[in-house]
2 protein chains.
Amino acid sequence: MKKPTLKDVARESGVSAITVSRALRTPDAVSEKLRARIDVAIEKLGYVADAAASTLASNRSNIIGVLVPSFSNNVFSDVLAGASRVLEGTKYSLQIGNTGYSALTEEALIPRFLTLKPAGLIVAGIDQTEKSRQMLAQANCPVVQVMDTTPDPIDVIVGFSNEQASFEAVEHMISQGFRRVAFLGTRMDPRTQQRLAGFRAALEKHGLYDEKLLITTPQKSNVAIGRHLLATLLETHPECDAVFCNNDDVAVGAALECQRRHIRVPQQLGICGFNDLGTTSQMYPEITSVYTPRTEVGARAMQYILDRNADQPPPENRTIDLGFDLRIRASTQRH
Amino acid sequence: MKKPTLKDVARESGVSAITVSRALRTPDAVSEKLRARIDVAIEKLGYVADAAASTLASNRSNIIGVLVPSFSNNVFSDVLAGASRVLEGTKYSLQIGNTGYSALTEEALIPRFLTLKPAGLIVAGIDQTEKSRQMLAQANCPVVQVMDTTPDPIDVIVGFSNEQASFEAVEHMISQGFRRVAFLGTRMDPRTQQRLAGFRAALEKHGLYDEKLLITTPQKSNVAIGRHLLATLLETHPECDAVFCNNDDVAVGAALECQRRHIRVPQQLGICGFNDLGTTSQMYPEITSVYTPRTEVGARAMQYILDRNADQPPPENRTIDLGFDLRIRASTQRH
DNA sequence: CTGTTAGCGCCTTCAT
DNA sequence: ATGAAGGCGCTAACAG
């Protein structure tokens with residue numbers, strides 16, 4: 001026995017196929033009586049609409065595409081979690097692409113996602129290629145850039161300023177008396193570069209910037225790398241008195257390395273992380289970090305897409321800055 | 001200007017539409033000469049096949065569905081990463097659903113995924129509802145269950161035995177002289193239940209099982225919860241001499257709580273984690289954990305789906321057990 | 001509010 | 001190896 005189609009439901013309920021279609025998509029446009037009959041028939045036959053057919057006919061699917069740079073990055077899994085929560089109970093579903101932090105991979109993925117006639121698209125950051133920007137700008141659906149900010153989004157952007165967040169964190173460190181602050185950085189993707197820019201701006205403002213204190217690696221970040229970066233720093237620049245890490249994994253690794261070496265935090269070395277993923281606040285001593293609103297960003301981005309699909313007008317301001325929260329803890333408090 | 005269709009490419013290259021279609025899907029069935037002409041036309045027009053139309057006509061899409069219990073669980077993000085790596089450069093893409101650890105949500109998601117005519121489906125574990133099992137068994141595509149093992153998979157299962165892994169870890173702890181071993185557990189999803197079963201079996205074998213030493217919470221796991229569970233344990237059962245944690249976050253939290261309380265590990269308290277996500281091995285002292293082959297599981301599951309879609313026969317054995325690796329470190333070594 | 005007609009763009013089937 | 005005809009299941013556009 002084959003899967004029932006719209007026609008089968010129509011026959012069963014004694015109406016035409018298009019009426020069933022309407023009963024499903026715009027119930028208000030169908031009389032209550034027919035709607036009831038149709039619902040019974042649908043239930044009885046176990047009818048489920050064919051997604052491909054309706055996409056083909058309407059040139060619009062219920063798929064929302066999300067392009068993330070990595071699956072194993074906790075930041076983006078939080079964004080996804082926030083986005084997917086908003087989708088619960090709706091007709092929409094998530095299709096996910098992994099760009100591997102490559103703008104070119106992203107560029108290759110975009111046309112594939114666009115053929116799905118998506119109801120919306122979410123992409124990470126603002127560092128698309130020119131071609132990607134064009135494709136996205138011409139896409140027949142809402143497009144949200146996330147986890148960054150710019151006055152000039154493709155459509156809408158939801159995020160915060162990585163540069164400003166770092167700037168404020170480093171300002172705080174300087175205010176606590178740290179003078180030789182190093183930067184521990186992994187992967188060096190665009191958002192890490194922005195954090196570096198904020199780091200630099202804050203130190204330069206006080207005449208403290210020293211590019212020799214940038215310890216970076218192209219590898220992806222994890223706690224082991226954090227330990228390793230700190231070890232490298234201490235060998236080459238033992239005089240440094242604090243580290244600003246591009247994310248929490250690195251900060252946790254740095255803190256653990258300090259434990260092993262019996263370096264007192266923050267007396268001998270200050271430590272600051274980024275993202276406040278949850279472990280920094282549990283360490284002993286507790287580690288300062290910058291909380292970033294990851295799930296909120298995902299949720300807000302998705303909500304915009306749903307709103308647009310429900311024909312609501314776009315917000316007056318296309319740049320939605322959700323801010324950040326510097327969470328000052330023992331690891332940077334000297335006073 | 002509209003998007004070019006197969007017809008446009010056909011006109012441009014002077015052949016019929018169906019020939020273009022074949023050149024794309026079964027290049028070997030088209031003469032070299034035509035193929036070359038068609039390729040030029042495709043390039044020139046920037047043709048991209050319409051996914052909905054081809055799904056409708058062929059009753060088969062290039063979407064592979066994955067149902068995960070959570071996005072923020074590192075275990076499943078690793079599975080996804082492994083799966084997505086295998087997909088790189090293929091025509092397939094990933095569509096992801098979030099079951100939120102609910103078998104009923106999963107049951108509701110399955111029909112929605114099946115209407116996509118997926119090229120394959122990956123689901124977590126073996127605890128589907130009966131209805132889910134039926135739908136999956138009748139699905140017209142390969143179905144892989146992951147991160148568990150059973151002699152009776154729906155189609156194929158790729159994973160390892162959570163119960164056996166826990167059993168061996170706890171056996172090791174007992175061999176090191178631990179006698180009052182507690183279980184710290186979060187969420188209590190099926191795989192955690194299995195770990196609990198292995199924990200229990202090992203202790204019962206030596207007459208050491210004490211159900212009062214089970215400290216659990218339905219909350220999702222994180223480092224803070226780990227600290228909290230250990231604190232609770234110490235208040236109620238200060239005589240316990242080791243903890244087996246249902247995952248690494250909990251173990252890290254337990255270890256951090258020990259640091260604060262100046263409890264010596266492993267002398268006063270042994271600690272064992274699960275999954276070996278990377279932080280346990282960096283702690284001081286290093287924490288024993290059970291490595292689970294998460295990315296391998298994702299990759300293997302996906303490879304099976306690709307193979308089946310390339311008309312390769314299924315493996316003789318439908319249960320693929322990738323095993324685990326008990327990584328013994330300082331936190332449980334007393335001898 | 002309901003129905004008729006005509007595709008959407010591709011692939012299956014059958015022919016050559 | 002190539003092509004012609006038809007249909008996949010649904011919805012847009014237009015009627016009534």
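Residues numbered from 1 in each chain as written. Chains lettered and ligands numbered in written order. Predicted model: local features only at pLDDT ≥ 70, side-chain atom pairs only at ≥ 80, totals over all residues. Heavy atoms only, no water.

Identification of chain A as LacI family DNA-binding transcriptional regulator from Maritalea mediterranea is taken from an unreviewed UniProt entry.

### Concerning the overall build of chain A
Scanning chain A for helices and strands turns up 12 helices and 12 strands. Dimensions of chain A, computed from C-alpha atoms along their principal axes, come out at roughly 85 × 40 × 35 Å. Residues classed as buried in chain A amount to 56% of the 335 residues present. Counting contacts in chain A only where the partners sit at least 6 residues apart, residues at least 24 apart contribute 70% of the total. Positive and negative side-chain charges in chain A, numbering 37 and 37 respectively, have mean positions lying 6 Å apart. (Helix = DSSP H or I, 4+ residues; strand = E, 2+ residues; numbered from the N terminus. Buried < 20%, exposed > 50% of the residue type's maximum accessible area, 1.4 Å probe, protein only. Contact = heavy atoms within 4.5 Å. Lys, Arg positive; Asp, Glu negative; His and termini not counted. Charge placed at Lys NZ, Arg CZ, Asp CG, Glu CD.)

### Focus on helix α8 (residues 162–175) of chain A
Residues and elements named next belong to chain A. Here α8 spans 20 Å end to end across 14 residues, near enough to the 20 Å set by a 1.5 Å rise per residue. On its buried face, α8 sits against β6 (181–186), α9 (190–205), β8 (242–245), β9 (270–272), β10 (289–291) and β12 (325–327). A positive backbone phi angle near 95 degrees is found at Gly-177, which sits one or two residues after α8. (Expected span 1.5 Å × (residues − 1).)

### A closer look at empty space enclosed by the protein
Taken as a whole and judged by the stated rule, the model has one cavity of 30 Å³ or more. Contributing to the lining of the largest cavity are Ser70(A), Phe71(A), Phe76(A), Ser77(A), Leu80(A), Phe71(B), Ser77(B) and Leu80(B). Contributing elements (two or more residues each) for the lining of the largest cavity: α5 (74–87) of chain A together with α5 (74–87) of chain B. Take the lining of the largest cavity: its biggest share by element is three residues, from α5(A). (1 Å grid on protein atoms, 1.4 Å probe; cavity = no way out; pocket = protein on both sides within 12 Å on 5 of 7 lines; lining within 4 Å. Points joined across faces, edges and corners; volume = space filled by probe spheres on them.)

### Side note on the sheet that holds strand β6 (residues 181–186) of chain B
All names here are of chain B. Across the sheet, which stays open at both edges, the four strands sit in the order β7-β6-β8-β9 with parallel pairing between neighbours. Looking along the sheet, the strands with just one partner apiece sit at the ends: β7 (214–217) and β9 (270–272). When the angles between neighbouring strand axes are averaged without regard to direction, this sheet yields 15 degrees. Sheet topology places β6 next to β7; four bridges connect them, and they run parallel. (Pairing = 2+ DSSP bridges. Axes fitted to C-alpha atoms, helices over the stretch in contact; angles between N-to-C directions.)

### A word on the protein's contact with DNA strand D
Around DNA strand D there are 25 residues in total, and Leu6(A), Ser21(A), Tyr47(A), Thr19(B) and Arg22(B) lie nearest to it. Considering the 4 Å shell around the protein, atoms of DNA strand D inside it are sugar or phosphate in 68% of instances. Measuring from a phosphate oxygen of DNA strand D, one finds a side-chain N or O atom of Tyr47(A) at 2.3 Å. Contacts to DNA strand D include Arg22(B), whose side-chain N or O atom sits 2.5 Å from a base nitrogen. (Near = heavy atom within 4 Å. Polar contact = N/O pair within 3.5 Å; in protein donor to acceptor, adjacent residues only side chain to side chain.)

### So, the protein's contact with DNA strand C
Thr19(A), Ser31(A), Leu6(B), Ser21(B) and Tyr47(B) are the nearest of the 26 residues found near DNA strand C. When the atoms of DNA strand C within 4 Å of the protein are grouped by moiety, sugar and phosphate amount to 65% of the total. Within the side chain of Arg22(A), one N or O atom sits 2.6 Å away from a base nitrogen of DNA strand C. Between Arg25(B) and DNA strand C, the recorded distance is 3.2 Å, taken from a side-chain N or O atom to a phosphate oxygen.

### Regarding the interface of chain B and chain A
Chain B puts 42 residues into the contact, and the matching count from chain A is 42 residues. Buried surface at the junction of chain B and chain A, both sides included, amounts to about 3,600 Å², of which 57% is carbon and sulfur. The three residues of chain B that bury the most area against chain A are Phe71(B), Arg260(B) and Gln282(B), which together make up 17% of that side's buried surface. Applying the counting rule to chain B against chain A returns four salt bridges. Across the pair Lys117(B) and Asp50(A) runs a salt bridge, and its minimum N-O distance is 2.6 Å. Counting only elements with at least two residues in the side of chain B that touches chain A, the list comes to α4 (51–58), α5, β2 (93–98), α10 (223–236) and α11 (248–261) of chain B. (Buried area = accessible area lost by both parts, 1.4 Å probe. Salt bridge = Lys/Arg side-chain N within 4 Å of Asp/Glu carboxyl O.)

### Details of the side chain of Ser166(B)
With respect to the helices and strands, Ser166(B) occurs in helix α8 (residues 162–175). Sequence-distant contacts of Ser166(B), defined by excluding residues within four places in its chain, comprise Arg195(B), Gly198(B), Phe199(B), Phe244(B) and Phe274(B).

### Examining unusual backbone geometry
Residues and elements named next belong to chain A. For the bond running from Tyr-284 to Pro-285, omega is 0 degrees, close enough to zero to count as cis. Looking at where Pro-285 falls in the secondary structure, it is placed in the loop between β9 and β10. The phi angle at Asp-276 is positive, at roughly 50 degrees, despite the residue not being glycine. Looking at the element boundaries, Asp-276 is found in the loop between β9 and β10. In this structure, Asp-311 is a non-glycine residue whose phi angle is positive, near 65 degrees.

### Brief notes about the relation of the copies chain B and chain A
For the pair chain B and chain A, the best superposition has an RMSD of 0.1 Å and corresponds to a rotation of 180 degrees with a translation of 0.0 Å parallel to the axis. Such a combination of rotation and displacement between the chain copies is what one expects of a two-fold axis. When the interface residues of chain B are mapped onto chain A, 100% of them are again interface residues, pointing to one common binding face. (Least-squares fit on C-alpha atoms with pLDDT ≥ 70 in both.)

### Structural notes on the sheet that holds β2(B)
Ordered by their spatial adjacency, 12 strands build an open sheet running β11(A)-β5(A)-β4(A)-β3(A)-β1(A)-β2(A)-β2(B)-β1(B)-β3(B)-β4(B)-β5(B)-β11(B), and the pairing between neighbours is mixed. The sheet is open, and its two borders are formed by β11 (319–321) of chain A together with β11 (319–321) of chain B, each paired with just one other strand. Taking the axes of each pair of neighbouring strands and ignoring which way they run, one obtains an average angle of 20 degrees across the sheet. Note that strand β1 (residues 63–68) of chain B and β2(B) share six bridges and pair parallel.

### Description of the pairing of β7(B)
Burial of the side chains of β7(B) is restricted to one face: Ile215(B) and Thr217(B) are buried, whereas none of Leu214(B) and Thr216(B) on the reverse face is. Crossover handedness for the path β6(B) to helix α9 (residues 190–205) of chain B to β7(B): right-handed. (Right-handed = clockwise from strand over helix to strand, strands pointing away.)

### Here's the deal with the packing of aromatic side chains
Residues and elements named next belong to chain A. On inspection of all chains with the given rule, the structure shows eight aromatic pairs over all chains. For the ring pair Phe-199 and Phe-244, a centre distance of 6.1 Å and an interplane angle of 20 degrees mean the geometry is stacked. Linking Phe-199 in helix α9 with Phe-244 in strand β8, this pair joins segments that are 45 residues apart in sequence. One aromatic cluster is present, formed by Phe-183, Phe-199, Phe-244 and Phe-274 through successive ring pairs. (Phe/Tyr/Trp six-rings, centres within 6.5 Å; stacked < 30°, edge-to-face > 60°.)

### Observations concerning the domain arrangement of chain A
All names here are of chain A. The assigned domain composition of chain A is domain 1 (6–45), domain 2 (60–160 + 294–323) and domain 3 (162–291). Taking only C-alpha atoms into account, the centre of domain 2 sits 30 Å from that of domain 3. Residue-level contacts link 17 residues of domain 2 with 12 residues of domain 3. For the pairing of domain 2 and domain 3, the buried interface totals around 1,200 Å² over both sides, and the portion due to carbon and sulfur atoms is 45%. Interface area lost by domain 2 to domain 3 is led by Tyr-101, Phe-160 and Arg-294, which between them contribute 44%. Between the two partners, domain 2 and domain 3, sit seven residue pairs in polar contact (both at pLDDT 80 or more). Elements that contribute at least two residues to the side of domain 2 that touches domain 3 include exactly α5 and α12 (294–309). Considering every element that reaches the side of domain 2 that touches domain 3, the biggest residue donor is α5, with four residues. For the side of domain 2 that touches domain 3, the class distribution of residues is eight nonpolar, four polar and five charged. (Domains from an automatic or database assignment. Nonpolar A, V, L, I, M, F, W, Y, C, P; charged D, E, K, R; others polar.)

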